[in-house]
Amino acid sequence: LDAELLLAYALGVRRLDLYLLHDRPLREPELGAARELVRRRASGEPVAYITGVREFYNRAFAVTPAVLIPRPETETLVEVALRRLRELSEGGEPTAADLGTGSGCIAVTLAAEIAALHVLATDVSSAALAVARGNAVTHDVEQRVTLIGGDWARPLTKPVDVVVTNPPYVTSEELVATARDVRDFEPALALDGGPDGLGAYRALLASLHAATRPGATVLLEIDPRRAGLVADLVRGEFAGARVSFHEDLTRRDRVLEARLP
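Residues numbered from 1 in each chain as written. Predicted model: local features only at pLDDT ≥ 70, side-chain atom pairs only at ≥ 80, totals over all residues. Heavy atoms only, no water.

Regarding its fold elements, the chain presents eleven helices and nine strands. In summary, the chain has a C-alpha radius of gyration of 20 Å against a globular reference of 18 Å for 261 residues, a match within 12%. For the C-alpha atoms alone, the extent of the chain along its principal axes is close to 65 × 40 × 35 Å. Counting all 261 residues of the chain, 48% fall into the buried class. Sequence-distant contacts in the chain: of pairs separated by 6 or more residues, those separated by 24 or more amount to 65%. Just so you have it, the chain exposes about 12,600 Å², and 54% of that area is on carbon and sulfur atoms. Charge centroids of the chain, computed over 30 positive and 37 negative side chains, lie 0 Å from each other. (Helix = DSSP H or I, 4+ residues; strand = E, 2+ residues; numbered from the N terminus. Rg over C-alpha atoms; globule rule 2.2 N^0.38 Å. Buried < 20%, exposed > 50% of the residue type's maximum accessible area, 1.4 Å probe, protein only. Contact = heavy atoms within 4.5 Å. Areas by Shrake-Rupley, 256 points an atom, 1.4 Å probe, with all protein chains shown as cover. Lys, Arg positive; Asp, Glu negative; His and termini not counted. Charge placed at Lys NZ, Arg CZ, Asp CG, Glu CD.)

If you want it as structure tokens, here you go:
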């Protein structure tokens, strides 16, 4: 699969075209370009960073080493958020915040799927915000996605109805041992959740008190192995919060939903 994606990129064609044009001889410049891409992939560089694009929720998103490569698991987070936002839309115009937006794939997708929705998107990385801004423009939602520099919900000046976030949840020890594609190329800031993988959850939950309306919904992508621990953190920060879980395609708890009091 990687080889096909890279060859299609080198030739400027669709992956399908490799089969439709399978008997076309390649010129030396084309072979040279393909070999260089294969060399980069062999060194561990992810395909998404080589091509600069990753598909997410049926849209193409620009990615650079400044942002985490969007994962299929995060589409579950988007689906849960869309259901909740559509429910709220029946009684008005809800507002949403995507905390730690990275490439902007969550914020842009929400805005693209719900025509009147305005999304506030925060990130501490100016380089990540630049990537997110480009993706918002590409998908024609730049007027409804407001990008703000800062840590989690702290930059927000008005409370929102729905918070969506995919925080770092890999432990520092796990990150050292993970595949080199991830460890050596993707931003540690978007991956390292500290010694227990929960550091980012503590910080973002603490930042939510002034940034959420009464009864707001908070949606967190989680490591299924630590679902109970994250739930305890939510209940400890927001007494009376109603917590539930949503499974991904592998039938594992991937999204924690908290209805705040």
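Before going further, it helps to spend a moment on the environment of Val-119. With respect to the secondary-structure elements, Val-119 resides in strand β4 (residues 118-123). What makes Val-119 buried here is its relative accessible area of 1%. Contacts of Val-119, omitting those with residues within four sequence positions, involve Ala-96, Asp-98, Ala-107, Leu-110, Ala-111, Arg-144, Val-145 and Thr-146.

Attention now moves to the side chain of Asp-17. Examined against the element boundaries, Asp-17 turns out to sit in helix α2 (residues 15-20). Within the local environment of Asp-17, its side chain forms a polar contact with the side chain of Arg-14, the two groups lying 2.8 Å apart. (Polar contact = N/O pair within 3.5 Å; in protein donor to acceptor, adjacent residues only side chain to side chain.)

With that settled, the discussion passes to a nonpolar patch on the surface. On the surface, Leu-16, Leu-20 and Leu-21 cluster together to form a nonpolar patch covering roughly 290 Å² of accessible area. Examined against the element boundaries, Leu-21 turns out to sit in the loop between α2 and α3 (28-42). Leu-21 gets classed as partly exposed once you look at its relative accessible area, which sits at 41%. (Patch = residues over 30% accessible without salt bridge, like charges linked within 9 Å, V, L, I, M, F, W, Y side chains within 5 Å. Salt bridge = Lys/Arg side-chain N within 4 Å of Asp/Glu carboxyl O.)

Moving on, we come to the packing of helix α1 (residues 2-11) against α3. One way to put it is that α1 packs onto α3 with a least axis distance of 9 Å and a crossing angle of 140 degrees. Here α1 lies oblique to α3, going by the angle between them. With respect to the hand of their crossing, α1 and α3 are arranged in right-handed fashion. Facing Asp-2, Leu-6, Leu-7, Tyr-9, Ala-10 and Leu-11 of α1, the residues of α3 in contact are Glu-30, Ala-33, Ala-34, Leu-37, Val-38 and Arg-41. Of the residues in the contact of α1 with α3, the class split is nine nonpolar, no polar and three charged. (Axes fitted to C-alpha atoms, helices over the stretch in contact; angles between N-to-C directions. Parallel < 35°, antiparallel > 145°, perpendicular 65-115°, else oblique. Left-handed = near helix turned anticlockwise from the far one by under 90°. Nonpolar A, V, L, I, M, F, W, Y, C, P; charged D, E, K, R; others polar.)

This next bit is on the packing of helix α10 (residues 199-206) against helix α11 (residues 227-237). For the pair α10 and α11, the least separation of the axes is 10 Å and the interaxial angle reads 25 degrees. The angle between α10 and α11 places the two elements in the roughly parallel class. Relative to α11, the crossing made by α10 is right-handed. Along the contact surface, α10 presents Tyr-201, Arg-202, Leu-205 and Ala-206, while α11 presents Val-230, Leu-233, Val-234 and Glu-237.

This next bit is on α1. When α1 is considered as a whole, its buried residues turn out to be Leu-6, Ala-8 and Leu-11. If you follow the buried residues of α1, they end up packed against α2, α3 and α4 (47-51). Looking one or two residues past α1, Gly-12 carries a phi angle of roughly 70 degrees, positive in sign.

Pairs may arise between side chains of opposite charge once their charged atoms sit close together. A complete count under the given rule lists 25 salt bridges for this structure. Notably, a salt bridge pairs Arg-27 with Glu-30, separated by 3.2 Å at the nearest N-O pair. With a shortest N-O distance of 3.0 Å, Asp-184 and Arg-183 are connected by a salt bridge. For Asp-184, a relative accessible area of 48% translates into the label partly exposed. Salt bridges sharing partners connect three or more residues here, namely Glu-174, Asp-223, Arg-225 and Arg-226.

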